[in-house]
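# Fold and contact review
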Amino acid sequence: MKLALKLPRALPTLSDRWFQALALCMWAAAAGLAVWLVIQWMAPAPVVAQAMPADMSAQFQMDQSAEARLLGVETAGGLTPPSVNVLGVFAAGDGTGAAVLSIEGQPAQSKSVGEEVANGWTLDEVGATFAVIGRSGQRVQLNLPVLQADPNLLKRVPQ
């Protein structure tokens, strides 16, 4: 009686055609990479415009606050401040008081410190010649118009 050992079949061998196809793909990839590298090497460098000096940029600033408010654009500090004209102030020495304001061309309104002026902006402070509005940490000082008449018109009211 003959004993025959049955060995497990070895893994199937890959044909030569498979290796040839793999080699062809590798050569094609290497050629494509070489062409891409040559194109990148030969391409002109991107042209970057020079930055405008800071002192020049002040000459070319544009006020786009009206357009930003119309579109509801948020800036870094919050919504663009509303168009407010200070017509008068009633100031105490500690920054409290009230101001007479014309907001967005509307008739004059009296606002006390802490009241909302427009679009979430509040009256933060009132001084002898100015009012300060603020929103989200951003503050804007609004000055009274320069008096064209006698400077004695600005008088202290007794307390």
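Rules used throughout
Within each chain, residue numbers correspond to sequence positions counted from 1 in written order. Given that this is a predicted model, residues contribute local features only at a pLDDT of at least 70 and side-chain atom pairs are listed and counted only at 80 or more, while totals for whole chains, interfaces and linings are drawn from all residues. Side-chain numbers here rest on the full set of heavy atoms in the structure, without hydrogens or water. For Phe, Tyr and Trp, where Trp contributes only its six-membered ring, two rings pair if their centres lie within 6.5 Å, and the inter-plane angle classes them as stacked under 30 degrees, edge-to-face over 60, or tilted in between. Burial here depends on accessible area, computed with a 1.4 Å probe over protein chains only, as a share of the maximum for the residue type. Under 20% is buried, over 50% is exposed, and the range in between is partly exposed. At least two bridges found by DSSP between two strands is the condition for calling them paired. Strands are runs of DSSP state E lasting at least 2 residues, helices are runs of H or I lasting at least 4, and numbering of each runs from the N terminus. Angles shown run from 0 to 180 degrees and are taken between the N-to-C directions of axes, each axis being a line fitted to C-alpha atoms and, for helices, limited to the stretch in contact.

As enumerated under the stated definition, the model contains 1 aromatic pair in all. An angle of 85° between the planes, with centres 5.7 Å apart, marks the rings of Trp18 and Phe19 as edge-to-face. A relative accessible area of 45% means that Trp18 is categorised as partly exposed.

The antiparallel open sheet is built from 3 strands, whose spatial order is E3-E4-E5. In this open sheet, the two edge strands, each paired with only one partner strand, are strand E3 (84-91) and strand E5 (109-112). Put simply, the sheet's adjacent strands are angled 30° from each other on average, direction ignored. As paired elements, E3 and strand E4 (residues 97-103) share 7 bridges and run antiparallel to each other. Its bridge partner being in E4, Asn85 is matched across the sheet by Ser102.

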